[in-house]
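Below are the chains, spelled out letter by letter.
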Protein chains: 2
Amino acid sequence: MYDATDYPPFAVTVDLAMFTLRGPSLSVLLVRRGEEPFQGMPALPGGFVHADESADVAARRELAEETGLDSFPGHLEQLATYSEPGRDPRMRVVSVVFVAFAPNLPEPSAGSDAADAYWMPVEDASRESLAFDHAQILADALERVRSKLEYTTLATHFVESPFSIRDLQTVYEAVWDVTWDRANFRRKVLGTRGFVEPVEGVADAASTGGRRAQLYRPGDATTLHPPIPRP
Amino acid sequence: MYDATDYPPFAVTVDLAMFTLRGPSLSVLLVRRGEEPFQGMPALPGGFVHADESADVAARRELAEETGLDSFPGHLEQLATYSEPGRDPRMRVVSVVFVAFAPNLPEPSAGSDAADAYWMPVEDASRESLAFDHAQILADALERVRSKLEYTTLATHFVESPFSIRDLQTVYEAVWDVTWDRANFRRKVLGTRGFVEPVEGVADAASTGGRRAQLYRPGDATTLHPPIPRP
DNA sequence: TCAATAGTGTCTGTAAGACAGTATTGT
DNA sequence: ACAATACTGTCTTACAGACACTATTGA
């Protein structure tokens, strides 16, 4: 039962699909590969899982390396594992892919490992030719992010707390590429128990004038009842 | 960059959380372990990924071995990958877990590999002490199956086609452990585009009498718009 | 005829979408 | 004053939940 052919050795990596909102558009972090294979092509950041780590811990380590931050302020979850033989021409590599997102991540060039990392709007990245099977992974990750907005509170992880209802609306509109009626969006969010909690204070004034918005923080809920339906 | 400590060898396995409806209750396939570690304890079926297979192919191979069927008639999807160091006391094992379900699967004792495989209602299995981290995996798999019924057409994979609306209702009631008003459930299903398509013919008569039901087959849709909300 | 199951009609409350109107702020 | 943004109210339509009713079948 336990001879060597039964458990051939694999290398295990983690890859990250990291998203943030930059300006009006959802963006993903890419790195330009410095070596073969796929040298010079954009790819998702990632690395090998060490002998004494879980994939989860490895993903958090990579996250810290890429962002330069000690503790990652956003959300991290496992997406899926990609294991086609031949997906890496060097050897048999199984990749556990994670999706991460956070508000306002800094430009990644801040002296870190990932000197060649950069943000790209997902609209553009989806049209790029990516290394390995990363184009497929990016498509799967995008669909995960989009569907999770429907029935979880993850949108609050894309903005810094405290935030206004309008900030949340911007998240939904950027990720789904739709527009909402402001009044109806507001009613929907406030009518979903545990989504947001009001806090003291109002938003800073916009230079252009206009009433200042009530601020909120994330509520207790993690899943939305009822969900925010994707139009 | 590519020295041996960067990519320590892992063994990669697939484990299966296979569900079917047996009588009124959702059941999961367990095997009694014949060897150490955890000898004699129930576990989810699984095995090593071979050197030339993807995890997906390995899962289908295991599925065929467990059921004795050449082509598995139901649905198979990846759940998640479990990679804690120490989850297998023998060595470093990363397990890619799949969720499968199908209607009316036969008793698994039919002369196959898995002489010690058996179905157990999930209600009971969740209270069992399972080998490795399989109790956690089972809990995650159950939550996946339950949530997928809400917004996908997967319920149609739990029944043989053609089926009646009432058959579908039985699936929802068994998986969610709820009851539905028959009229409202019917309206909901028929009002969801692409969920079911009527076919010629009606169900066989029940021995106890009663009108015979219109039969349906799965529709074109894979996701439900609107979803069937979990009460 | 009766019991059992399939299917239809209808009423009521609630929520979604559309959109008009009021409130508050900077220029 | 005016433009820009936040917020509120209201009307209409659609659907969910409850439940009474009709249709079809076997014993």
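This text gives an overview of the structure that appears in the document. (Residues numbered from 1 in each chain as written. Chains lettered and ligands numbered in written order. Predicted model: local features only at pLDDT ≥ 70, side-chain atom pairs only at ≥ 80, totals over all residues. Heavy atoms only, no water.)

Close to DNA strand D lie 22 residues; Q214(A), N184(B), K188(B), G210(B) and R211(B) are nearest. Near the protein, within 4 Å, the atoms of DNA strand D are sugar or phosphate in 58% of cases. Take R166(A): an N or O atom from its side chain is 3.2 Å from a phosphate oxygen of DNA strand D. Within the backbone of G210(B), one N or O atom sits 2.7 Å away from a base oxygen of DNA strand D. Every element with two or more residues in the surface near DNA strand D is listed here: helix 5 (182-190) of chain A together with helix 5 (182-190) of chain B. The element that contributes the greatest number of residues to the surface near DNA strand D is helix 5 of chain B, accounting for four residues. When grouped by side-chain class, the residues that make up the surface near DNA strand D number five nonpolar, seven polar and 10 charged. (Near = heavy atom within 4 Å. Polar contact = N/O pair within 3.5 Å; in protein donor to acceptor, adjacent residues only side chain to side chain. Helix = DSSP H or I, 4+ residues; strand = E, 2+ residues; numbered from the N terminus. Nonpolar A, V, L, I, M, F, W, Y, C, P; charged D, E, K, R; others polar.)

This part covers the relation of the copies chain B and chain A. Note on the copies: chain B fits chain A at an RMSD of 0.1 Å, the axial shift is 0.0 Å, and the rotation between them is 180°. Considering both components of the superposition, the chain copies are consistent with a two-fold axis. Both copies share a contact surface, since 100% of the interface residues of chain B are interface residues in chain A too. (Least-squares fit on C-alpha atoms with pLDDT ≥ 70 in both. Contact = heavy atoms within 4.5 Å.)

Taken together, 22 residues sit near DNA strand C, with N184(A), K188(A), G209(A), G210(A) and Q214(B) positioned nearest. Each atom of DNA strand C within 4 Å of the protein belongs either to a base or to sugar and phosphate, the latter forming 59%. With respect to DNA strand C, the backbone of R211(A) contributes an N or O atom lying 3.1 Å from a base oxygen. In the model, a base nitrogen of DNA strand C is placed 3.5 Å from a nitrogen or oxygen of the G210(B) main chain. Contributing elements (two or more residues each) for the surface near DNA strand C: helix 5 of chain A together with helix 5 of chain B. If you tally residues by element for the surface near DNA strand C, the top one is helix 5 of chain A, at four residues. Looking at the surface near DNA strand C residue by residue, the classes come out as five nonpolar, seven polar and 10 charged.

Residue and element names in this part refer to chain A. Most of strand 1 (residues 11-22) sits out of view: 11 of its 12 residues are buried. As paired strands, strand 1 and strand 6 (residues 93-101) are joined by nine bridges and run parallel to one another. Each bridged residue has a counterpart across the sheet, and for V14 the counterpart in strand 6 is V96. Pairing analysis gives three bridges linking strand 1 to strand 4 (residues 46-48), with the strands arranged antiparallel. Bridge assignment links V14 to a residue of strand 4, and that residue is G47. Hairpin connection between strand 1 and strand 2 (residues 25-32): a loop of two residues separates the two successive antiparallel strands, and G23 in this loop has a positive phi of roughly 60°. (Buried < 20%, exposed > 50% of the residue type's maximum accessible area, 1.4 Å probe, protein only. Pairing = 2+ DSSP bridges.)

Residues and elements named next belong to chain B. When you line up the elements, R33 lands in the loop between strand 2 (25-32) and strand 3 (42-43). Buried within the structure, R33 lacks any salt-bridge partner; E35 is the closest side chain of opposite charge, at an N-O distance of 5.0 Å. Only 2.7 Å separates the side chain of R33 from the backbone oxygen of P37, close enough to count as a polar contact. (Lys, Arg positive; Asp, Glu negative; His and termini not counted. Salt bridge = Lys/Arg side-chain N within 4 Å of Asp/Glu carboxyl O.)

Scanning the entire structure with this criterion turns up 22 salt bridges over all chains. Notably, a salt bridge pairs D124(A) with R127(A), separated by 3.9 Å at the nearest N-O pair. The exposure class assigned to D124(A) is partly exposed, which follows from its relative accessible area of 33%. A salt bridge links K148(B) to E77(B), with the shortest nitrogen-to-oxygen separation between them at 3.2 Å. Taken together, the positions of K148(B) in helix 3 (residues 134-151) and E77(B) in strand 5 (residues 75-82) put the pair 71 residues apart, joining distant regions of the chain. One exposure class covers both K148(B) and E77(B), and it is buried.

Compared with the 26 Å implied by 1.5 Å per residue over 18 residues, the 26 Å span of helix 3 (residues 134-151) of chain A between its first and last C-alpha is a close match. All of the buried residues in helix 3 of chain A are H134(A), I137(A), L138(A), A141(A), L142(A), V145(A), S147(A), K148(A), L149(A) and E150(A). (Expected span 1.5 Å × (residues − 1).)

All right, on to the interface of chain B and chain A then. Taken together, the 31 residues of chain B in the interface contact 31 residues of chain A. Summed over both partners, the interface of chain B with chain A comes to about 2500 Å²; 57% of that surface belongs to carbon and sulfur atoms. Of all the secondary-structure elements, those providing two or more residues to the side of chain B that touches chain A are strand 1 (11-22), strand 5 and strand 6 (93-101) of chain B. Looking at side-chain class alone, the side of chain B that touches chain A contains 18 nonpolar, five polar and eight charged residues. (Buried area = accessible area lost by both parts, 1.4 Å probe.)

With that settled, consider the packing of aromatic side chains. Residues and elements named next belong to chain A. Tallied over the full model, the rule gives 11 aromatic pairs over all chains. An angle of 10° between the planes, with centres 4.5 Å apart, marks the rings of F101 and F158 as stacked. Taken together, the residues F101 in strand 6 and F158 in the loop between helix 3 and helix 4 (165-176) connect sequence positions 57 residues apart. With respect to class, F101 is no different from F158; both count as buried. One aromatic cluster is present, built from ring pairs that chain together Y172, W176, W180 and F185. (Phe/Tyr/Trp six-rings, centres within 6.5 Å; stacked < 30°, edge-to-face > 60°.)

For the rest of this paragraph, the subject is the pairing of strand 7 (residues 117-121) of chain A. Residues and elements named next belong to chain A. With four of five residues buried, strand 7 lies mostly within the body of the structure. Bridge count for strand 2 against strand 7 is five bridges, and the pairing is antiparallel. Its bridge partner being in strand 7, S27 is matched across the sheet by P121.

Let us look at the packing of helix 4 of chain A against helix 5 of chain A. All names here are of chain A. In the contact formed by helix 4 and helix 5, the axes pass within 10 Å of each other and the chain directions differ by 100°. When the axis of helix 4 is compared with that of helix 5, the two are roughly perpendicular. Contact residues: helix 4 offers I165, R166, L168, Q169 and Y172, while helix 5 offers R182, F185, R186, V189 and L190. For the contact of helix 4 with helix 5, the class distribution of residues is six nonpolar, one polar and three charged. (Axes fitted to C-alpha atoms, helices over the stretch in contact; angles between N-to-C directions. Parallel < 35°, antiparallel > 145°, perpendicular 65-115°, else oblique.)

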